[in-house]
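# A structural walkthrough
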Amino acid sequence: MTLDDLPTPCLVLDLGVLKRNLALMERAMARHPGVVLRPHLKTAKSREVAALAAPNHGPITVSTLAEARYFAEAGWRDQIYAVGITPQKLDAVAALNAAGADVKIITDDAEAAAAIAAHPGKLRALVEVDVGEGRGGVPPAEALPVARALGQRLAGIFTHAGHSYGGRSAAEMEAIAEQERAGVAGAAQALREAGLTVEIVSLGSSPTALHAKSLAGITEVRAGVYMFGDLFQAQLGTHPEQDIAVTVLTSVIGRKPARGALLLDAGALALSKDRSTEKAPRDYGFGLVLDLDGQRTHGEAIITRVHQEHGEATPMPDLPVGTKLRVAPNHSCLTAAAYERYHVVDGSRQVIATWDRVNGW
C-alpha cells in the first residue's frame, strides 16, 4: 500500500523523522548524567511510539487515565499521570496500582492531598509547583502545606515550564530552563529541610529539556512534543521544519481559481483550529501545505480557512479534484487527537505499518 491508496483525511507518521527527533533528545539528555528521561506520551498515545521513546518499558508520562490503562496493560508500569487529580479518580488509579502498575499522581491542593493520604489504596503523589507558566501548581515557597497533607504518600515535586513556548532565542530558552530548574529544585530542598523525603524532582518541556545548561537537583525530565514536532516547535528551534514527523494526508475536493484556492477534505476536525498565532512569530494559518512526498513544492501555500470538514488552501495551483496533498500541523498534539491510527512511512510513499492510538479520557 502507498499513500495514494489511503482514504482521506488520515494521519501519516514518518518513522525516520521520528527516530531523528528521538535521537536529538537522547543527545540532549546525555549532557546530564543521572537524570532520567520520562517521555510524555500525550502527543503520541501509541505503544509502538512508546517502544521507541521509552524502550524496555521505561518510565513514561501520561495525561489521561485511558492512556494510563493502555500503557500499563502493555508493560509501561512506571508512570506519572500529569494532570491534577480529583478525589473521584483515586479509586481508578489505585486499581491500576493494585494490578501491578506504579502510576503516580499530582496535586497542588491541600484538601485533595488529604484525600490521597486517607485513601486505602496504593497511591503516591507529587506536589505541583508553578515556576512561571501560570497554569497549575502552587508557588515553590508554598509547597510545604500540600506536601505535609500527603504524609507518607509524598513522592516528590513536579513542575512544567509551559511558558518556555514564549522564548524566541537559545538564550531565552536557557534562562527559562534555569528558572524552571531552580524553582523546583529549591522547593524540593525546602521540603527536605522540613524533614520530608523527596524522591522525585520532575520537570520538563521540550524546549527546556533541549536547552537546559544544568539540571542540578533534578531527577527526571518530562518532554513529549519533541517526538513528532510541529510548525510551532520548528519556529522555537526545537527541530528543523523538515523534521515534522506527523502530517495529515488530504485530497482536493474543489477548485476555486478565481481566488487561487483549493478546497480540501481536511478541515477543523482533521487539522484542529490551534494556530498559536499569539506565540509563534509566523502565522501558518491552520497548516502548511506539502506535496504527497512531504516537500514544499507549493511554496508558501497554507490552510487559510477551515470549516468542520473543509479546508481552503491558498495560494495554490489549479490541481485536479482527487489530488492528494499533505499538511504539516501547527500543534501535533491537537491534530493527532482526531485520529485512531497512524499510517507509517519511512521517507517514501510506501506505507510500512499501521499503528493504533488510544483516545478519550
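One structure accompanies this document, and this report is about it. (Residues numbered from 1 in each chain as written. Predicted model: local features only at pLDDT ≥ 70, side-chain atom pairs only at ≥ 80, totals over all residues. Heavy atoms only, no water.)

## Digging into the overall build of the protein
Defined as follows: Secondary structure counts use DSSP, requiring at least four H or I residues in a row for a helix and at least two E residues in a row for a strand, with both numbered from the N terminus. Restricting the calculation to C-alpha atoms gives the radius of gyration, and the globule rule supplies 2.2 Å times the number of residues raised to the power 0.38. Exposure is judged per residue with a 1.4 Å probe applied to protein chains only, and the accessible area is read against the type maximum: over 50% gives exposed, under 20% gives buried, and values in between give partly exposed.
The secondary structure content of the protein amounts to 11 helices and 17 strands. For a compact globule of 361 residues, the expected C-alpha radius of gyration is about 21 Å, and the protein comes in at 21 Å, within 12% of that figure. The dimensions of the protein, computed from C-alpha atoms along their principal axes, are 70 × 45 × 35 Å. Within the protein, the fraction of its 361 residues that count as buried is 56%.

## Side note on the packing of helix α3 (residues 65–73) against helix α4 (residues 90–98)
The line we're drawing: Axis definition: a line fit to C-alpha positions, over the contact stretch in the case of helices; interaxial angles, taken between N-to-C directions, run 0 to 180 degrees. Angle categories are assigned with fixed cut-offs, so that under 35 degrees is roughly parallel, over 145 is roughly antiparallel, 65 to 115 is roughly perpendicular, and the rest are oblique. Contacts were defined at the residue level, with two residues in contact if any of their heavy atoms lie within 4.5 Å. Under the convention adopted here, Pro, Cys and the residues Ala, Val, Leu, Ile, Met, Phe, Trp and Tyr are nonpolar, Asp, Glu, Lys and Arg are charged, and Gly plus all remaining residues are polar.
The contact between α3 and α4 brings their axes to 11 Å, and the two run at 5 degrees. Here α3 lies roughly parallel to α4, going by the angle between them. In contact with L65, A68 and R69 of α3, α4 contributes A92, V93 and L96. Among the residues forming the contact of α3 with α4, the class breakdown is five nonpolar, no polar and one charged.

## Focus on unusual backbone geometry
The omega angle of the peptide bond from T8 to P9 is -5 degrees, so this bond is cis rather than trans. Checked against the element boundaries, P9 lands in the segment before β1 (10–14). Note the cis peptide between T314 and P315, where omega equals -15 degrees. Looking at where P315 falls in the secondary structure, it is placed in the loop between β14 (311–314) and β15 (324–328). One non-glycine residue, N56, lies in positive phi territory at about 60 degrees. With respect to the helices and strands, N56 occurs in the loop between α2 (47–53) and β3 (60–62). Of note in the backbone geometry, H57 takes a positive phi value of approximately 55 degrees without being a glycine. Looking at the secondary structure, you find H57 in the loop between α2 and β3.

## A word on the sheet that holds strand β2 (residues 36–37)
What counts here: At least two bridges found by DSSP between two strands is the condition for calling them paired.
Read from one edge of the open sheet, eight strands run β2-β9-β8-β7-β6-β5-β4-β3, paired in parallel fashion. Edge strands, defined here as strands with exactly one partner in the open sheet, are β2 and β3. In this sheet, strand β9 (residues 220–221) lies alongside strand β8 (residues 200–203) in parallel orientation, the contact comprising two bridges. Looking at the pairing, L203 lines up with V221 of β9. Against the sheet, helix α7 (residues 170–193) touches β7 (154–158) and β8, its axis set at about 160 degrees to β8.

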